[in-house]
Amino acid sequence: MNVWDDHPVLRLLGGGLVLVVSLFLAALLAWQLARDLAIWVLGRDVEAEVVDLWVEQVGAQDEGELDFQYYMTYRFATSGGETITETTTLSVAEWAGGYEEGGRVGVVYFPPYPKHNRLDDSRFVPALACSYVPAILVAVALVVAGWQLFRPAIQEPGGEWEVEDEKERENAKRI
């Protein structure tokens, strides 16, 4: 016997906790994937004007952790004529990529909700899409593990689900 079998309350709490956390993480993953798919599949490409570029210091030089955060503000017009202004962070490589105020930059936006936009990252879509595969596999494995821990804790000691009448008991045996 193991600790899970000896203490059904621990199995119930542990399985329930794993199940709740994994379902929450799976929901977050699904939300982010839906946002990305909206841009990847239905996104509309436009050219935006770089309105502002600036750098902010993060970390303290006297602590030996001097670092910088790079920002860009861009503005574009949707096909419906709405003007959207957005600020985004840039990596060091993007910052060194030659952006300049007044210049043009590619942007992709979601037509039903243009505030959902980002710099055009279409060259990275295959890599970004593939990065979801391990995350989905981990989420599914955690949900299954949580359910495997939780399920026996809510069954009768004989291994059958608690049911009201004999017909329901027969259906439960088939599961």
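Look up: the structure comes first, before these words.
Note that the structure is a prediction, hence the values are computed from the model and not measured.

## Considerations on a negative patch on the surface
And then number 1: Among the surface-exposed residues, D62, E63, E65 and D67 lie close enough to one another that they form a single negatively charged patch.
And then number 2: Summarising the element assignment, D62 is placed in the loop between β1 (44-58) and β2 (67-77).
And then number 3: For D62, a relative accessible area of 72% corresponds to the exposed category.

## A few points about the environment of S22
And then number 1: Here S22 is to be found in helix α2 (residues 8-42).
And then number 2: When its relative accessible area of 1% is taken as the criterion, S22 is described as buried.
And then number 3: On a C-alpha basis, the gap between S22 and V140 in space is 8.1 Å, while along the polypeptide they are 118 residues apart.
And then number 4: When neighbours within four sequence positions are excluded, S22 is seen to be in contact with L142 and V143.

## Here's the deal with the nonpolar core
And then number 1: By size, the foremost hydrophobic cluster in this structure holds 14 residues, and its most contacted members are M72, Y74, F76, V105, V107 and L119.
And then number 2: Elements that contribute at least two residues to this core include exactly β1, β2, β3 (83-90) and β4 (104-110).
And then number 3: Discounting residues that sit within four places of it in the chain, M72 has contacts with V50, D52, L53, W54, E86, T87, T88, L90, Y99, V105 and L119.

## Observations concerning the pairing of strand β5 (residues 113-119)
And then number 1: Taken across its 7 residues, β5 has 5 buried, putting it largely inside the fold.
And then number 2: Where β4 meets β5, 4 bridges bridge the pair, whose relative direction is antiparallel. Note that in β5 the partner of Y109 across the bridge is N117.
And then number 3: Hairpin connection between β4 and β5: a loop of 2 residues separates the two successive antiparallel strands.

Thresholds, definitions, all that
- Here the residue numbering is sequential within each chain, running from 1 through the sequence in written order.
- Residue-level local features of this predicted model are given only where pLDDT is at least 70; pairs of side-chain atoms are given and counted only at 80 or more, and the full residue set underlies all totals for whole chains, interfaces and linings.
- Computation of side-chain values covers all heavy atoms of the structure but excludes hydrogens and water.
- Like charges within 9 Å and nonpolar side chains (Val, Leu, Ile, Met, Phe, Trp, Tyr) within 5 Å are joined into patches, using only residues over 30% in relative accessible area that form no salt bridge.
- Each accessible area is a Shrake-Rupley result for a 1.4 Å probe, and residues are judged covered by the shown protein chains and nothing else.
- The term salt bridge refers to a side-chain nitrogen of Lys or Arg lying within 4 Å of a carboxyl oxygen of Asp or Glu.
- All tallies of charge rest on Lys and Arg as positive and Asp and Glu as negative; His and the ends of each chain are not included.
- The location of each charge is read from NZ of Lys, CZ of Arg, CG of Asp or CD of Glu.
- The numbering of helices and of strands both runs from the N terminus, where a helix is a DSSP run of H or I of at least 4 residues and a strand a run of E of at least 2.
- The rule is simple: take the accessible area with a 1.4 Å probe, protein chains only, and divide by the maximum for that residue type; under 20% is buried, over 50% is exposed, in between is partly exposed.
- Residues count as neighbours in contact if any of their non-hydrogen atoms are within 4.5 Å of one another.
- Think of a nonpolar core as a cluster: buried Ala, Val, Leu, Ile, Met, Phe, Trp, Tyr and Cys residues, connected wherever their side-chain atoms sit within 4.5 Å.
- Strand pairing is defined by DSSP finding a minimum of two bridges between the two strands.

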